[in-house]
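Structural overview for review
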Amino acid sequence: MLNKEEDELIHYLQDIHSKVKELVSECSDRNKTKKFLAIRSLLMITEAKIHSTIQYARAGGYSELSVITQKHLYDPVIRWLRAEIRS
């Protein structure tokens, strides 16, 4: 059974994963300039990293991961890419 911190980590990673998927979809709907192709590539790399982190956490790697560290890792990148897509 997962404790509160482990459950919070999995929940956060799943939430941010769905947000990244939405941004990839939003970016795919935009024109195919180099800017949007680059943003889409960065989002896909970020999505793959989040997915692998979820898998690692589910496999028992909680001790090396914390929600705070993951938030500091992903939130600024997602905010920046969202602003670039919508500008």
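A brief report on the enclosed structure follows. (Residues numbered from 1 in each chain as written. Predicted model: local features only at pLDDT ≥ 70, side-chain atom pairs only at ≥ 80, totals over all residues. Heavy atoms only, no water.)

**Things to note about helix α3 (residues 67-86)**
- An ideal rise of 1.5 Å per residue puts 28 Å on 20 residues; α3 measures up with 27 Å between its terminal C-alpha atoms.
- The set of residues buried in α3 consists of Val67, Gln70, Tyr74, Ile78, Leu81 and Ile85.
- Buried positions along α3 lie against α1 (4-28) and α2 (34-58). (Helix = DSSP H or I, 4+ residues; strand = E, 2+ residues; numbered from the N terminus. Expected span 1.5 Å × (residues − 1). Buried < 20%, exposed > 50% of the residue type's maximum accessible area, 1.4 Å probe, protein only. Contact = heavy atoms within 4.5 Å.)

**Quick notes on the pattern of salt bridges**
- Considering all chains together, one arrives at three salt bridges under this definition.
- For arginine 86, the salt bridge is made with glutamate 26, and the minimal N-O distance between the two is 3.1 Å. With arginine 86 in helix α3 and glutamate 26 in helix α1, this pair connects stretches of sequence that are 60 residues apart.
- Since its relative accessible area comes to 51%, arginine 86 is described here as exposed.
- With a closest N to O distance of 3.8 Å, glutamate 84 and lysine 35 form a salt bridge. Placement of the pair is glutamate 84 in helix α3 and lysine 35 in helix α2, with a sequence separation of 49 residues.
- Looking at glutamate 84, the relative accessible area reads 27%, which means it is partly exposed. (Salt bridge = Lys/Arg side-chain N within 4 Å of Asp/Glu carboxyl O.)

**Side note on the environment of threonine 46**
- Along the chain, the position of threonine 46 falls in helix α2.
- Using a relative accessible area of 12% as the deciding quantity, one classes threonine 46 as buried.
- Considering only alpha carbons, one finds threonine 46 and lysine 21, 25 residues apart in sequence, at a separation of 9.9 Å.
- Ignoring anything within four residues of it in the chain, the contact list for threonine 46 reads Val20, Tyr74, Val77 and Ile78.

**Section: the environment of serine 28**
- Tracing the sequence through the fold places serine 28 in helix α1.
- In this structure the C-alpha to C-alpha distance between serine 28 and isoleucine 39, which are eleven residues apart in sequence, comes to 9.7 Å.
- Within the structure, the side chain of serine 28 is placed 2.9 Å from the backbone oxygen of valine 24, a separation counted as a polar contact. (Polar contact = N/O pair within 3.5 Å; in protein donor to acceptor, adjacent residues only side chain to side chain.)

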